[in-house]
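# Secondary and tertiary structure notes
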Amino acid sequence: MPNKSFYITTPIYYPSAKLHIGHAYCTTIADAMARFKRMAGYDVFFLTGSDEHGQKIQQAAEKEGVTPIEYVDKIVAGFQALWKRLHISNDDFLRTSEPRHHRVVQEFFRRAKAKGDVYKGEYTGLYCTPCESYWTELQLDENGCCPDCHRPVEKVSEEAYFFKLSNYADRLLKHIEENPDFIRPTSRRNEMISFIKQGLDDLCISRTSFDWGIPVPDDEKHVIYVWFDALTNYVTAAGFFDDPEKFKKFWPADVHLVGKEIVRFHSIIWPAILMSLDLPLPKQIYGHGWLIVDGDKMSKSKGNVVDPNLLIDEFGADAIRYFLLREIALGQDGNFSRDALIGRINADLANDLGNLLHRTLNMIGKFQDGVIEAATTKSATDEALIADAAELVAAYEAGMENMEISPVMKKLWAFIGRANKYIDETAPWALAKDPAKKPELSTVMYNLAESLRVISLLISPFMPETAPKIWAQLGMKGDIWAVRLDDVKTWGGVSAGQHIGQAEPIFPRIEVEKEEKGASGAKQEKQKAAPKQEKKAETADGVVTIDEFKKIELRVAEVTAAERVPKTDKLMKLTLTLGDETREVVSGIADVYTAEELVGKHVVLVANLKPAKLRGIMSHGMVLAASDGEKLRLIETELPAGSVVR
Ligand code: MSP
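Residues numbered from 1 in each chain as written. Predicted model: local features only at pLDDT ≥ 70, side-chain atom pairs only at ≥ 80, totals over all residues. Heavy atoms only, no water.

### As for the pairing of strand S12 (residues 255-259)
- Along S12, five of the five residues are buried, which leaves the element largely enclosed by surrounding structure.
- Residues of S12 alternate between two faces, with Val255, Leu257 and Gly259 on one and His256 and Val258 on the opposite face, all of them buried.
- Here strand S1 (residues 5-13) pairs with S12 via two bridges, running parallel. Bridge pairing in S12 places Ile8 opposite Val255.
- By the bridge criterion, four bridges tie S12 to strand S13 (residues 285-288) in an arrangement that is parallel. What sits directly across from Leu257, in S13, is Tyr286. (Buried < 20%, exposed > 50% of the residue type's maximum accessible area, 1.4 Å probe, protein only. Helix = DSSP H or I, 4+ residues; strand = E, 2+ residues; numbered from the N terminus. Pairing = 2+ DSSP bridges.)

See below:
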C-alpha cells in the first residue's frame with residue numbers, strides 16, 4: 001500500500017520586515033504538525049518560503065542602494081537561519097524570485113488567459129501601498145483608511161490585467177458549503193461565506209508601476225502582481241513542472257496554515273485560480289489567530305516587537321516552541337508575555353517534566369546500578385498507569401490528526417503529572433529498603449522508564465531538541481526520529497537490562513528577579529500584618545514555650561480545587577475544606593505541583609494565621625511543606641479533613 005501523504009504549508013513571508021515571534025508562531029505550528037505526521041507514518045512535505053516581489057521591496061532596495069535581489073538575499077538568509085535555530089523541519093524553502101517559480105506563475109497566467117479568465121482593463125481603485133492591497137469603498141475602516149493597517153489609501157488608475165474572480169463565486173460558495181472542513185475554524189468559514197455572498201469583484205493581477213516581479217508573458221511592461229504570484233508558490237514547490245510524480249503525490253495540499261487576515265486570499269482567490277486551471281483545491285485552509293504581546297498587537301511603533309532570536313538565545317528553542325504551542329488555542333488570538341513564558345518553563349518543563357526524568361534516572365542509578373530491569377509484577381497501581389498511557393496515546397493521535405495541539409499537550413502533561421504521582425504512590429525508596437520487594441521495585445522503575453519513552457516520543461513534534469535528549473538519557477538505542485507512533489501503542493519498548501545514559505538536567509529553573517521581588521513583597525506584607533504577634537511568640541533565646549506553640553492552630557484540610565494564579569511563577573490558589581468550613585489559601589507551590597495533582601490531597605493548614613493578600617487574593621491560612629533545600633513537598637496525611645494536628 002502506498003504511504004499516506006501529507007502536505008502542509010506556512011505562508012511565504014515578506015522580507016520587508018524582520019520576522020517576529022508571530023511569524024515563528026505560525027511556522028512552529030506547521031512544524032509540529034509535520035513532525036507528528038511523519039511520526040504517524042505519513043510521507044510529509046512541509047513547505048515554507050519567502051514572498052519577495054513587489055513595490056515595497058523595490059523601494060526598500062532603492063533606498064539602500066542595492067538591487068532588489070541583493071536586498072532580499074540578506075533578509076531571506078536571516079529567515080532560514082531563524083528556522084534552523086527553531087528546529088523547523090521544512091522539506092523545501094520556496095523563494096518567489098527563483099526561476100522554478102517564475103515558470104509556473106507565467107504558465108498559470110497563460111492558461112487562465114487561454115481559458116478566458118484573464119483580460120486587460122483599466123483599474124481604478126483604492127490602494128494601500130504598505131499592504132499592497134486594493135480595497136472597495138465598503139471595506140475601508142471608519143476613517144476611510146485601509147482596514148488592515150489603518151493607513152490612508154489612494155485612488156489609483158492604471159492599465160492592468162484582471163482575473164475573473166466573479167466567475168467563480170457560485171462554485172466557491174458551493175464548495176465551501178459542501179466541505180465543512182475546507183475553512184477552519186468555523187468562525188472564519190462563516191466570515192468567508194458572507195464575504196462571497198456580498199459579491200466578488202474581479203481581481204487585478206498585474207502592475208506597471210514597478211518591475212520587481214514576474215513579467216506577464218508577452219506583455220513585459222506588466223509584472224504579475226502579488227497574490228497571483230504568491231499563492232502559486234504552493235504548486236511550484238509541490239513539483240508542478242519539475243516533478244510530476246511528486247505533484248501527483250502531494251497535490252492537493254492537505255493544509256494551508258495561514259494567519260486569520262489572509263484566510264480570504266487563500267480560501268477565495270486561490271481556489272478560484274485553481275478552478276480556472278482545472279486543478280484540485282487544497283483540502284483545508286486553517287486560519288490561526290494572532291499573537292499579541294502583553295495584550296497589545298505587535299508593531300514597530302509601539303516598540304513591542306518580540307525578536308524570536310533573542311528569545312532563543314535566552315531560553316532555548318524548545319521552551320519557546322512549547323510555550324507557543326501550549327499556551328494558545330489554535331484559531332484564537334493569544335497573548336505572549338515573558339512572565340507567562342517563564343511560568344510555563346518553570347512549572348511544566350523544569351518541574352513536571354524535568355523532575356520526572358531526574359527522579360526516575362536518579363532512582364534507577366541509585367537502586368539498580370543504572371540498569372532498567374524487567375517488570376515481573378503488576379499491581380493495580382501499575383495497571384492504572386499503563387492504561388492511562390494507552391489512553392493518552394489514543395487521545396494524542398486523534399487530537400493531533402485534528403490539529404488540536406494545545407489540548408493534546410495538556411493531556412500529555414496530565415500524564416506527566418500522573419507519572420510523578422505514580423512515584424509518590426509506589427514509594428520506590430521504601431521498596432528499595434526491603435530486599436523482598438525487589439521485583440516490585442524493578443516493575444516501578446521499568447514502568448517509569450517506559451512512561452518516559454512514551455513521553456519523549458510524544459513530545460518530539462513540539463520539542464525536537466529535548467525529545468532526543470530524554471531518549472538518550474533513558475539509554476534507548478537508535479534514532480528517535482525513526483520511531484513511529486505505532487511503537488508506543490504497546491507497552492514494553494524499553495528493553496530489560498538496558499543501561500540508562502548520562503543523566504543531565506533538561507530545563508533548569510529560571511530565577512526571576514521580578515518574581516522573587518513579588519514573592520518577597522508578599523512576605524513583607526505578611527510580616528507587616530502580624531509583626532507583633534510573631535514577636536510575642538518568641539522568647540529572647542529564640543525558643544518557644546509549649547503554650548506559645550499551642551497558640552498555632554494546625555488542622556488537616558483537603559484540597560478540593562486548585563488553580564494557578566495567572567502571571568505568577570509559583571502561586572497556586574487552593575480551595576480547602578476543613579470538614580465544616582471552606583477556605584481559600586494562596587500557596588507558593590505551583591512550580592512543584594500541578595493543579596490536578598493537588599486536588600484530593602490532605603494537607604496541614606495553619607488555620608489561625610492572620611489573612612494576607614497575595615497578588616490581590618486573600619489567603620486565609622498557610623499550608624505546610626517540607627524542603628531539603630532542593631525539593632519541596634507538602635506535608636500530607638491520610639487523616640480526615642478537620643482533624644487537629646498537635
Ligand atoms: N506574503 C504574505 C503571505 C503570502 S502566502 C501565499 C504575507 N506575509 S507576511 O509576512 O506579512 O505574513 C505572513 C504570516 O505571518 C501571515 O499568516 C500572518 O498572519 C502571520 N503573522 C504576522 N503577524 C502575526 C502575529 N502577530 N501573530 C501571528 N501571526 C502573525 O502575508
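Structure shown, so let's carry the discussion forward.
### Some remarks on helix H18 (residues 466-473)
- Buried residues of H18: Thr466, Ala467, Ile470, Trp471 and Gln473, and no others. Take H18 and look down its axis: the buried residues cluster within an arc of 170°, on one side only.
- Where the residues of H18 are buried, they touch helix H12 (317-327), helix H13 (338-368) and helix H17 (438-459).
- Just downstream of H18, Gly475 is the residue with a positive phi angle, here 80°. (Arc of directions from axis to C-beta. Contact = heavy atoms within 4.5 Å.)

### As for the packing of helix H1 (residues 21-39) against helix H14 (residues 380-401)
- Two elements in contact, H1 and H14, have axes whose closest approach is 11 Å; the angle formed by their N-to-C orientations is 125°. When the interaxial angle is binned, H1 and H14 end up oblique. Considering only the axes of H1 and H14, their crossing is left-handed. Contact with H1, carried on its side by Ala32, Met33, Phe36, Lys37 and Met39, involves Tyr396, Glu397, Met400 and Glu401 of H14 and no other residues of that element.
- Among the residues forming the contact of H1 with H14, the class breakdown is six nonpolar, no polar and three charged. (Axes fitted to C-alpha atoms, helices over the stretch in contact; angles between N-to-C directions. Parallel < 35°, antiparallel > 145°, perpendicular 65-115°, else oblique. Left-handed = near helix turned anticlockwise from the far one by under 90°. Nonpolar A, V, L, I, M, F, W, Y, C, P; charged D, E, K, R; others polar.)

### Considering the sheet that holds strand S15 (residues 296-297)
- Spatially, three strands are ordered S15-S14-S16 in an open sheet, and the strand pairing comes out mixed. Strand pairing shows two members of the sheet lacking a second neighbour, S15 and strand S16 (334-336), which therefore form its edges.
- Across three bridges, the pairing between strand S14 (residues 291-293) and S16 is parallel. Counterpart to Val293 in the pairing with S16 is Phe336.

### Some words on the sheet that holds S13
- What the six strands build is an open sheet, ordered S3-S2-S1-S12-S13-S7; its pairing is parallel. What marks the edges here is a single partner per strand, and that holds for strand S3 (92-95) and strand S7 (183-184).
- With seven bridges connecting them, S1 and strand S2 (residues 43-50) associate as parallel partners. Bridged to Tyr13 within S2 is Ser50.

### Side note on the environment of Glu596
- With respect to the helices and strands, the residue Glu596 is situated in helix H22 (residues 595-598).
- Residues Glu596 and Gly417, 179 residues apart in the sequence, show an inter-C-alpha distance of 7.8 Å.

### Some points on a nonpolar patch on the surface
- Together, Val544, Ile546, Phe549 and Ile552 make up a nonpolar patch on the protein surface, roughly 360 Å² of accessible area in all.
- Its place among the elements puts Ile552 in the loop between helix H21 (546-550) and strand S19 (554-564). (Patch = residues over 30% accessible without salt bridge, like charges linked within 9 Å, V, L, I, M, F, W, Y side chains within 5 Å. Areas by Shrake-Rupley, 256 points an atom, 1.4 Å probe, with all protein chains shown as cover. Salt bridge = Lys/Arg side-chain N within 4 Å of Asp/Glu carboxyl O.)

### Quick word on the packing of helix H5 (residues 169-178) against helix H10 (residues 263-276)
- H10 packs onto H5 with a crossing angle of 110° between their chain directions and a minimal axis gap of 10 Å. As far as their axial angle goes, H10 and H5 are roughly perpendicular. Crossing angle aside, the handedness with which H5 passes H10 is right-handed. The segment H5 lies against H10, with Arg171, Leu172, His175 and Ile176 engaging Ser267, Ile268, Pro271, Ala272 and Met275.
- Grouping the constituent residues of the contact of H5 with H10 by class yields six nonpolar, two polar and one charged.

### A look at the site of the ligand
- Residues in contact with the ligand amount to 23 residues; listed here are only the nearest, Ile12, Asp51, Gly259, Glu261 and Leu291.
- A distance of 2.8 Å separates a nitrogen atom of the ligand from a polar atom in the backbone of Ile12.
- Interatomic distance of 2.8 Å between a side-chain N/O atom of Glu261 and an oxygen atom of the ligand.
- Here the ligand, which alone exposes 670 Å², has 92% of that area covered by the protein.
- At the level of elements, S1, H1, helix H7 (226-231), helix H8 (233-237) and S12 are the ones that each hand at least two residues to the shell around the ligand. (Near = heavy atom within 4 Å. Polar contact = N/O pair within 3.5 Å; in protein donor to acceptor, adjacent residues only side chain to side chain.)

### Digging into H10
- Its 14 residues give H10 an end-to-end C-alpha distance of 20 Å, which sits within 8% of 20 Å, the value for a rise of 1.5 Å per residue.
- Buried residues dominate H10, accounting for 14 of its 14 residues.
- Directly after H10, the chain includes Asp278, whose backbone phi takes a positive value near 55°. (Expected span 1.5 Å × (residues − 1).)

### Focus: the packing of aromatic side chains
- Under the counting rule described, the total for this entry stands at 23 aromatic pairs.
- Judged by centre distance (5.4 Å) and plane angle (85°), the rings of Phe323 and Phe336 are edge-to-face. Of this pair, Phe323 sits in helix H12 while Phe336 sits in strand S16, placing them 13 residues apart in sequence.
- Members of the aromatic cluster, joined through ring pairs, are Tyr7, Phe45, Phe108, Tyr234, Phe240, Phe241, Phe247, Phe250, Trp251 and Trp270.
- Directly above the ring of Tyr127 sits Arg207, whose terminal nitrogen or CZ lies 4.3 Å from the centroid.
- Residue placement shows Lys260 over the ring face of Trp290; its charged tip is 4.7 Å from the ring centre. (Phe/Tyr/Trp six-rings, centres within 6.5 Å; stacked < 30°, edge-to-face > 60°. Lys NZ or Arg CZ within 6 Å of the ring centre and 35° of its normal.)

### Describing the side chain of Ser619
- Relative to the helices and strands, Ser619 resides in strand S24 (residues 617-619).
- Note on Ser619: relative accessible area 5%, which makes it buried.
- A polar atom in the side chain of Ser619 sits 3.2 Å from the backbone oxygen of Gly621.
- Apart from residues no more than four positions distant in its own chain, Ser619 is found in contact with Glu584, Val585, Val586, Pro611, Ala612 and Leu614.

### Focus: the state of the cysteines
- Applying the stated rule across the entire model yields zero disulfides.
- For Cys146, which is in no disulfide, the shortest distance to another cysteine sulfur is to Cys128 and amounts to 3.7 Å.
- Given a relative accessible area of 0%, Cys146 falls into the buried group. (Disulfide = S-S within 2.5 Å.)

### Focus: the confidence of the model for the protein
- Across the protein, the average pLDDT comes to 91, with 95% of residues at 70 or higher.
- Within the model, the stretch residues 514-540 combines pLDDT values under 50 with 22 contacts to residues more than four positions away or in other chains. (pLDDT = per-residue confidence, 0-100.)

### Overview of the pairing of strand S20 (residues 572-577)
- For S20, a buried count of five out of six residues is recorded, marking the element as mostly surrounded by other parts of the structure.
- Pairing between S19 and S20: six bridges, direction antiparallel. Paired with Glu563 across the strands is Lys573, a residue of S20.
- Here S20 pairs with strand S21 (residues 582-587) via six bridges, running antiparallel. Directly across from Lys573, in S21, lies its bridge partner Val586.
- Taken together, S20 and the strand that follows it, S21, pair antiparallel across an intervening segment of four residues, in which Gly579 is found at a positive phi of about 95°.

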